[in-house]
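Residues per chain, in single letters:
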Amino acid sequence: MNPLKNLQELEAVKEFGGWLKRYQHASSTCHCEMTFSIYLPPLAEQQKVPVLYWLSGLTCTDDNFRTKAGAQRYAAEHGIAIVMPDTSPRGDDVADVTDRYDLGKGAGFYVNASQKPWSDHYQMFAYINQELPALIEANFAVLAGVKSISGHSMGGHGALISAIKNPDAYRSVSAFSPICHPISSPWGQGCLSTYLGDDPADWNAWDATELVKSGLAKLPILIDQGSGDQFLAGQLYPQDLQSACREQDIEINVRMQPDYDHSYHFIATFIGEHIAYHAEALNQ
């Protein structure tokens with residue numbers, strides 16, 4: 001029996017001795033066709049390897065990180081796989097707001113929506129933390145349960161809440177320019193109110209800062225943030241997360257990088273350091 005029979009391979013590219021592949025599959029969680037990319041390092045041809053999950057930001061797909069960040073080179077050197085899911089459900093039947101870049105397709109916000117019509121498909125937290133890892137572990141040469149998570153912007157928010165809400169599932173967590181306090185962010189307020197309803201009390205379970213305040217966080221947190229980021233003051237609020245972690249005695253390292261912006265130029269500059277950070281935790 002072909003173990004990949006439920007996956008449709010869309011692309012395979014040789015990179016740094018390993019393979020960058022892209023797949024589509026029918027998701028039982030999001031009730032639509034979902035796409036993800038995976039980089040398998042050369043070591044995966046000899047033995048099972050640990051996995052880093054990367055969550056991208058608003059308007060992105062799995063394609064942005066794999067073509068712009070330069071992460072595959074470092075993943076090959078450290079012998080870890082990288083899984084890059086899409087940022088939201090896709091398809092003609094999936095709810096969307098066509099004139100909004102920060103809501104709907106491309107803006108799933110990595111929550112489990114509770115409001116119709118969004119709840120039919122927008123179950124991204126369950127997809128990222130349950131369905132996708134099970135699929136990856138069943139079909140590729142990766143170690144079961146040996147995984148870390150990272151992301152950018154909205155994806156940084158997703159990485160943080162995934163690690164905090166699943167404290168035993170990940171070996172390490174990091175983020176670039178994450179939305180740290182979405183209940184205070186216009187981006188977060190717009191998506192959380194739409195997906196979860198109008199009661200702000202229901203949003204706290206999907207907010208990294210509020211989750212830390214509740215005492216759930218266990219893992220150390222690494223964040224790189226550019227001082228020249230155009231969204232820093234009005235959307236991201238790393239200082240709120242930093243304060244909450246200090247109050248709860250959670251280790252957090254917020255590295256303010258002078259003059260860097262919100263783009264993949266910033267991510268590409270420091271992604272090697274993040275890969276090394278996760279590789280150390282994954283290979284213990």
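Residues numbered from 1 in each chain as written. Predicted model: local features only at pLDDT ≥ 70, side-chain atom pairs only at ≥ 80, totals over all residues. Heavy atoms only, no water.

## Considerations on the overall build of the chain
In plain terms, the rule: Only runs of H or I of at least four residues qualify as helices and only runs of E of at least two qualify as strands under DSSP, and these elements are numbered from the N terminus. What the globule rule says is 2.2 Å times the number of residues to the power 0.38, and the radius of gyration is computed from C-alpha atoms. Each residue is assigned to one of three classes by its accessible area relative to the maximum for its type, calculated with a 1.4 Å probe on protein chains only: buried under 20%, partly exposed between the two thresholds, exposed over 50%. Residues count as neighbours in contact if any of their non-hydrogen atoms are within 4.5 Å of one another. The protein chains shown are the only cover counted for residues, whose accessible areas, like all others here, come from Shrake-Rupley with a 1.4 Å probe.
Helix and strand counts for the chain come out as nine helices and nine strands. By the compact-globule yardstick of 19 Å for 284 residues, the chain fits well, its C-alpha radius of gyration being 18 Å. Expressed along its principal axes, the backbone C-alpha trace of the chain runs to roughly 50 × 40 × 30 Å. With 284 residues in all, the chain has 57% of them scored as buried. Summarising the internal contacts of the chain: among those between residues at least 6 apart in sequence, 71% fall at separations of at least 24. Accessible area for the chain stands at about 11400 Å²; split by element, carbon and sulfur atoms hold 47% of it.

## Focus: unusual backbone geometry
Of note, the bond from Lys-116 into Pro-117 is cis; its omega dihedral lies within 30 degrees of zero at 0°. Its location among the elements puts Pro-117 in the loop between strand S5 (81–85) and helix H3 (124–139). One non-glycine residue, Phe-16, lies in positive phi territory at about 50°. Non-glycine residue Asp-249 carries a positive phi angle of around 60°. Take Asp-249: it is sitting in the loop between helix H8 (238–247) and strand S9 (252–257).

## A closer look at the pattern of salt bridges
Keep this limit in mind: Salt-bridge detection follows one rule: a side-chain nitrogen of Lys or Arg within 4 Å of a carboxyl oxygen of Asp or Glu.
All told, the structure shown has 10 salt bridges when counted by the stated rule. One salt bridge connects Arg-22 with Asp-62, and the closest N-O pair in it is separated by 2.8 Å. Of this pair, Arg-22 sits in strand S2 (residues 18–27) while Asp-62 is found in the loop between strand S4 (49–55) and helix H1 (63–68), placing the two residues 40 residues apart along the sequence. The buried category is assigned to Asp-62, whose relative accessible area is 1%. Note that Arg-255 is salt-bridged to Glu-273, the shortest N-O span being 2.8 Å. Separated by 18 residues along the polypeptide, Arg-255 in strand S9 and Glu-273 in helix H9 (residues 264–282) bring together distant segments of the chain.

## Some points on the side chain of Ser-148
Using the following cut-off: N or O atoms within 3.5 Å of each other form a polar contact, as long as, within protein, one can give a hydrogen and the other can take it, and as long as residues adjacent in sequence are counted only when both atoms are side-chain atoms.
Inspection of the secondary structure assignment puts Ser-148 in strand S6 (residues 142–151). A distance of 2.6 Å separates the side chain of Ser-148 from the side chain of Ser-172, its partner in a polar contact. Not counting the four nearest positions on each side in its chain, Ser-148 is found in contact with Val-51, Leu-52, Tyr-53, Tyr-170, Arg-171, Ser-172, His-278 and Leu-282.

## Let's talk about the nonpolar core
The test is simple: As used in this record, nonpolar core signifies buried Ala, Val, Leu, Ile, Met, Phe, Trp, Tyr and Cys residues forming a set joined through side-chain atoms within 4.5 Å.
Phe-36, Ile-136, Phe-140, Ile-149, Tyr-195 and Leu-241 are the most contacted members of the largest nonpolar core, which totals 68 residues. At seven residues, H3 tops the list of elements feeding residues into this core. When near neighbours in sequence (up to four residues on either side) are disregarded, Leu-241 contacts Leu-160, Cys-180, Ala-208, Thr-209, Val-212, Ile-223 and Ile-252. Within the second largest apolar cluster, 21 residues are counted, among which are Leu-20, Ile-80, Met-84 and Phe-270.

## Concerning H9
A turn of α-helix holds 3.6 residues, and therefore any two residues three or four places apart point the same way. Our working rule: Across the chain, bend at a residue is computed as the angle between axes fitted to the seven residues ending at that point and the seven starting from it.
Roughly 50° is the biggest bend found in H9, and it falls at Phe-270. Buried residues of H9: Tyr-264, Phe-266, Ile-267, Phe-270, Ile-271, Gly-272, His-274, Ile-275, His-278, Ala-279, Ala-281 and Leu-282, and no others. N-cap assignment for H9: the residue whose side-chain oxygen lies 3.2 Å from the backbone N of His-265 is Ser-263.

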